[in-house]
Structures are given as C-alpha cells and as structure tokens.
Amino acid sequence: MSSLLPVYKKWGITPVKAEGAWLTAADGKEYLDFTSGIGVINLGHGDAEVMEAVQAQLGQFWHTSNLFQIPIQEEVASQLARLSGLDKVFFCNSGTEANEAALKFARRATGKTNIITCSQSFHGRTFGAMAATGQSSIHTGFGPVLEGFSYLPFNDLEAFEKAIDNSTAAVLVEVIQGEGGVIPGTESFLTGLTKLCQEHDALLIIDEVQTGNGRTGYPFAYLKYEGVKPDIVTTAKGLGNGLPIGAVMAKAGLEQACSAGVHGSTFGGNPISLAASRAVLAKISDEAFLAEVREKSAWFMGELKKIAERTPAIKDVRGDGFMIGLEIQAEAAPYIMRLQDKQLLALTAGPSVVRILPPLTVTKEELSIALEKIEEGFRIESVLS
Ligand SMILES: Cc1ncc(COP(=O)(O)O)c(C=O)c1O
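Quantities reported herein were computed from a predicted structural model and do not represent experimental measurements.

Time to look at the site of the ligand. In the vicinity of the ligand, the residues found are Ser94, Gly95, Thr96, Asn99, Phe122, His123, Glu174, Glu179, Asp207, Val209, Gln210 and Lys237. Interatomic distance of 2.5 Å between a side-chain N/O atom of Thr96 and an oxygen atom of the ligand. Across the shell around the ligand, the residue classes break down as 2 nonpolar, 6 polar and 4 charged.

The description of two aromatic rings rests on the distance between their centres and on the angle between their planes. Taken as a whole and judged by the stated rule, the model has 7 aromatic pairs. Look at Phe220 and Tyr222: their rings are 6.4 Å apart centre to centre, the planes differ by 15 degrees, and that puts the pair in the stacked class. Summarising the burial analysis for this pair, Phe220 and Tyr222 share the class buried. Arranged with centres 6.4 Å apart and planes meeting at 55 degrees, the rings of Phe300 and Phe322 form a pair that is tilted. In this pair, Phe300 sits in helix α10 (residues 287-309) while Phe322 sits in the loop between β13 (314-320) and β14 (323-328), placing the two residues 22 residues apart along the sequence. The two residues Phe300 and Phe322 agree in class, both being buried. One residue, Arg338, lies across the ring of Tyr335, its end atom 5.3 Å from the ring centre.

Once that is clear, we can look at the pattern of salt bridges. This model, assessed by the stated rule, comprises 14 salt bridges. With its nearest N and O atoms 2.9 Å apart, the salt bridge here joins Glu303 to Lys306. With a gap of 3 residues between them, Glu303 and Lys306 both fall in helix α10, about one helical turn apart. Taking the relative accessible area as the measure of exposure, Glu303 reaches 21% and is therefore partly exposed. Take Lys306: its relative accessible area is 43%, and that puts it in the partly exposed class.

This part is about the packing of helix α2 (residues 48-60) against helix α9 (residues 271-283). A pair of packed helices can be characterised by two numbers: the angle between their axes and the separation between those axes. Contact geometry for α2 and α9: axes closest at 8 Å, N-to-C directions at 150 degrees. Regarding the angle of α2 to α9, the classification is roughly antiparallel. Once α2 is placed against α9, the crossing between them reads as right-handed. Contacts from Glu49, Val50, Ala53, Val54, Gln57 and Leu58 of α2 reach α9 at Pro271, Ile272, Ala275, Ala276, Ala279, Val280 and Lys283. Of the residues assigned to the contact of α2 with α9, the class counts are 10 nonpolar, 1 polar and 2 charged.

Judged by nonpolar contacts, the single largest core of 88 residues is most densely connected at Phe300, Val354 and Phe378. The element best represented in this core is α10, accounting for 8 residues. For this core, the domains that each give at least three residues are domain 1 (15-33 + 290-384) and domain 2 (48-283). Not counting the four nearest positions on each side in its chain, Phe378 is found in contact with Thr311, Ala313, Ile314, Leu326, Ile328, Tyr335, Leu339 and Val354. With 21 residues, the next largest nonpolar core counts Phe90, Ala132, Ala169 and Ala170 among its residues.

One number sums up the size of the second largest pocket: a volume of about 900 Å³. What lines the second largest pocket is a set of 31 residues, among which Gln73, Val89, Phe90, Phe91 and Cys258 lie closest to the centre. For the lining of the second largest pocket, the secondary structure elements donating two or more residues are α3 (71-84), β4 (88-92) and β12 (246-250). The residue inventory of the lining of the second largest pocket, partitioned by class, reads 15 nonpolar, 12 polar and 4 charged.

Cross-referencing UniProt, the feature "binding site: N(2)-acetyl-L-ornithine" (unreviewed entry) maps to Arg125 and Ser265 in the present numbering. From the set just named, the residues that line the second largest pocket comprise Ser265. Mapped onto the fold, Arg125 is located in the loop between β5 (114-118) and α5 (127-132). In this structure Arg125 comes out as exposed when scored by relative accessible area, which is 58%. Along the chain, the position of Ser265 falls in the loop between β12 and α9. Using a relative accessible area of 17% as the deciding quantity, one classes Ser265 as buried. Excluding its chain neighbours within four sequence positions, the residues that come into contact with Ser265 are Asn66, Phe90, Phe91, Cys92, Asn93 and Glu97.

The subject of this paragraph is the sheet that holds strand β16 (residues 347-348). In space, the 4 strands of this open sheet follow the order β13-β14-β17-β16, with antiparallel pairing throughout. On the outer flanks of this sheet lie β13 and β16, each paired with one strand and no other. Here β14 runs beside strand β17 (residues 353-356); their pairing, made up of 4 bridges, is antiparallel. Within β17, the residue paired with Glu327 across the bridge is Val353. The strands touched by α10 are β13, β14 and β17; relative to β13, the strand with the most contacts, the crossing angle is about 170 degrees.

Inspection of the secondary structure puts Lys315 in strand β13. You can call Lys315 exposed: its relative accessible area is 51%. Between the C-alpha atom of Lys315 and that of Thr191, which follows or precedes it by 124 residues, the distance is 28 Å. The residues touching Lys315, leaving out its near neighbours within four places in the chain, are Glu327, Ile328 and Gln329.

Reading the values: the criteria
- Residues numbered from 1 in each chain as written.
- Predicted model: local features only at pLDDT ≥ 70, side-chain atom pairs only at ≥ 80, totals over all residues.
- Heavy atoms only, no water.
- Near = heavy atom within 4 Å.
- Polar contact = N/O pair within 3.5 Å; in protein donor to acceptor, adjacent residues only side chain to side chain.
- Nonpolar A, V, L, I, M, F, W, Y, C, P; charged D, E, K, R; others polar.
- Phe/Tyr/Trp six-rings, centres within 6.5 Å; stacked < 30°, edge-to-face > 60°.
- Buried < 20%, exposed > 50% of the residue type's maximum accessible area, 1.4 Å probe, protein only.
- Helix = DSSP H or I, 4+ residues; strand = E, 2+ residues; numbered from the N terminus.
- Lys NZ or Arg CZ within 6 Å of the ring centre and 35° of its normal.
- Salt bridge = Lys/Arg side-chain N within 4 Å of Asp/Glu carboxyl O.
- Axes fitted to C-alpha atoms, helices over the stretch in contact; angles between N-to-C directions.
- Parallel < 35°, antiparallel > 145°, perpendicular 65-115°, else oblique.
- Left-handed = near helix turned anticlockwise from the far one by under 90°.
- Contact = heavy atoms within 4.5 Å.
- Core = buried A, V, L, I, M, F, W, Y, C linked by side-chain atoms within 4.5 Å.
- Domains from an automatic or database assignment.
- 1 Å grid on protein atoms, 1.4 Å probe; cavity = no way out; pocket = protein on both sides within 12 Å on 5 of 7 lines; lining within 4 Å.
- Points joined across faces, edges and corners; volume = space filled by probe spheres on them.
- UniProt positions renumbered as here; feature names shortened; annotations may be inferred.
- Pairing = 2+ DSSP bridges.

Encoded structure:
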C-alpha cells in the first residue's frame, strides 16, 4: 500500500528515462510525451543547455539565502523584465505561490480588497489562489473561502463593465483558460479588461503560469495582442523546464508597496532553478525559435482540425501554439487511456477536453506520429458509438 496521500489519481506508468519528447517506462515501453510534465518541460526532457547550466551551478553553490547578493537573480529578473515589458520581479517556487504573491501585492499596492476573476479559471490551491479560482469544486470542504473574490464569465466583457468599480483592487485572468478546458480569451475581452482596469485604478494581473515561457509561440501569451497591458504577470511551470520556480513581474511603482519584510520565500530565487530559467529564457528570447514553434503548432492544429472533420467524437479543436484542447462528445478520461495504449501521453482539461501540450522542441516527424495515434484513438470510439 502506498504511503502517499492519494490526492493524485496516478497512471500505471513508471518513468525510468526521458529525452526530448519521449519517455521510457520501467516495462520498456516508449511514450510520446505530449503532457510535458503538465506544461513544464517546454524545451523537452533533458535539454542539453538547461542541463549544462544546472550542472555548472551545482558545482558552484546550491543555496545561500535571499540575504546575499545573487547575480543570477538579477540576470534572470532582467531577462523577465525585458521579455514581459514590466519592471520588477519577485521569485517564488510555483504558480500557486506566484498568484498568492500577486494577490497580496495587489491588495497592498491599491489599498483595496476586491478581486475579480473568471468562472472556470484555475489559479492554484493555497487559500488565496484557491479563492481566486472560479471553480466551486476546488473550494469544496475548505471553507470559509477568503473574502473579497467574485467570479464573472470568461470572455464576457459586458459582465466586467457592470461589475468593475473603484473598489476593485485587481482583475486576475488567464489568456487561455488551461485547467478550465483550454478556452482562449478573445483579443477584445483582454484588451477591454486592460482599459477597464485603467479607468478604475484596478490592476490587471495576467496568469501566465501555463501559457507562458513560449508555450503559445510568444514569450508570454498576452504579447500576441498589442492592446493587452498587464500591471502584473505571474508565471511558473515552463520557467525552469522541470526545476521548481515561479515569478511575479510587475510594473514600476509596485516596489513602493513591497519594502523589506512585506513578503518573502526561503527557496524563492534558488540559484539552481534560476540557472535552468536563464537557459529557458535565452531560448525563448530567440525569435527564430518562437517563429518555428508558431509554424509547427499552426500546422499541427490544422491537421488536428482535418482529423476532427472526419471524426464525429471530436467536437472542437482549439487553443494556441502548443496549448491545444480537443473537446469531445463524451468523458475525456477514457480517451486519455486509449491514447496511452497507443503510447501517446495527453491530459484532460475539465471533464470533456483532451489537452495536448507537446514540448516546443517537438519535431514535425513526432507530430506526425502523434496525429496517427490521435486519429486511431478517436476512430475506435466513432466506430463503437
Ligand atoms: C493557470 C494556472 N495558474 C496556476 C497554476 C498553479 O500552479 P502550480 O501547480 O505550479 O502551483 C496552474 C497549474 O496548473 C495553472 O495552470
């Protein structure tokens, strides 16, 4: 019997090796891993540059504390500031922690408490991030939920226009709702939120935990839209390509509300994770790399749409870049198992969406193999139904 608390429903796969887009299990089976560790291994398993950077840092020192001058913190913070167009960075260890910090900073900086997020959003599991998450199933059993949060329908600008007022501290939103079912935010919604927040002195916080770090073919997904101007951006997952790290990026001025002692994290800004991040950010600063991600993912999405046209089980194909959801006619979970039988790993997103998150470094050949497996996996169902 397992000594692990059973908060995860585990698959029957024991990884022993992973390289690029491939994962080898203890029974010798080789899987095409289109989960990327749930949107984390953006540069593929065992990326050589990340490995080299981490090994070099391991040989120097692992951890001192945030009381010391750590040049790699300054370097990665300035990479993030340059890529996001924001100014100040706080390092932590996960997406939840990044959102938790962003919520605290927003309340402290504005002196206001009300925070609006979206129905079906996902922002994490601690009390603040959980309260921000617009899914009652995530709140169940943990009440009372932190006060001051309200939830409005995603992509419904009118609902936000009615609700935002001068008591609103912040609006927190994903560019593509990930866990909620891979639902892309529209440009008009996200641009509209920018304007509304500006009009009401509220902060726009964009959660790029899943969409960030090149996943959509941009360093951060909001950068695709010129009119979307966040005050705060949070990220994690792909930022360390598998090493735990999260970050909050904020507009200049926030530091006035965040003097020494206001917030902190023992492990936040750990040099080992930062060494990985520096290599990740160097890669996603390369426009040619990003252009290739956009090109490969657009081709893959086009091929998936063709499969959907001849496959009644698939209702919709959506997403952006390599963050893709297949909405299906039934429960998604059995399809995940069927794809696993074909040695392709994918995820669910909500009850009826199969979520596909290949590493950004995936080759067209690997994508073609996946397309065959997806078509076969879904064809069986269409024959049965
Ligand atoms: C959009 C978003 N925000 C926050 C989180 C929480 O991140 P973490 O699991 O690193 O705490 C997730 C995780 O799936 C996420 O997708």
